[in-house]
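Observations on chain architecture
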Amino acid sequence: MSFASPAMAATPLSRSCPIRIISVHILDAAGQLLRVLFLDREGHISAQPHYVPREQALILAANQQRVLGPQAEVRVL
């Protein structure tokens, strides 16, 4: 017996999950990955991942990408 509704089965998990992790991929001049770091809820870079509400994560990631520019790739996971 399945308790999942058809609507739940059709909704991808990535779109329905209310919390995210923001990763910051630091790159060298050639675009090679040097290090992966994370943002916390206040926008501080940390070595440990932090869970952030989806809407806040999207804003923080966009702002951090503007600050770091091409020396990093900021991703919301």
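See above for the structure.
This section reports on the structure supplied with the text.

The subject of this paragraph is the overall build of the chain. When you go through the chain residue by residue, the secondary structure sums to three helices and five strands. Going from the N terminus to the C terminus, the chain shows its helices and strands as α-α-β-β-β-β-α-β. When burial is assessed residue by residue, the chain has 27% of its 77 residues classed as buried. Restricting the contact set of the chain to residue pairs at least 6 apart, pairs at least 24 apart contribute 44%.

Moving on, we come to the nonpolar core. By size, the foremost hydrophobic cluster in this structure holds eleven residues: Ile22, Val24, Leu37, Leu39, Val52, Ala57, Leu60, Ala61, Leu68, Ala72 and Val74. Contributions of two or more residues to this core are made by strand E1 (19-27), strand E2 (33-39), helix H3 (54-68) and strand E5 (72-76). The element contributing the most residues to this core is H3, with four residues. Those residues in contact with alanine 61, other than ones at most four positions away along the chain, are Ile22, Val74 and Val76.

The rules we used
Residues numbered from 1 in each chain as written. Predicted model: local features only at pLDDT ≥ 70, side-chain atom pairs only at ≥ 80, totals over all residues. Heavy atoms only, no water. Helix = DSSP H or I, 4+ residues; strand = E, 2+ residues; numbered from the N terminus. Buried < 20%, exposed > 50% of the residue type's maximum accessible area, 1.4 Å probe, protein only. Contact = heavy atoms within 4.5 Å. Core = buried A, V, L, I, M, F, W, Y, C linked by side-chain atoms within 4.5 Å.

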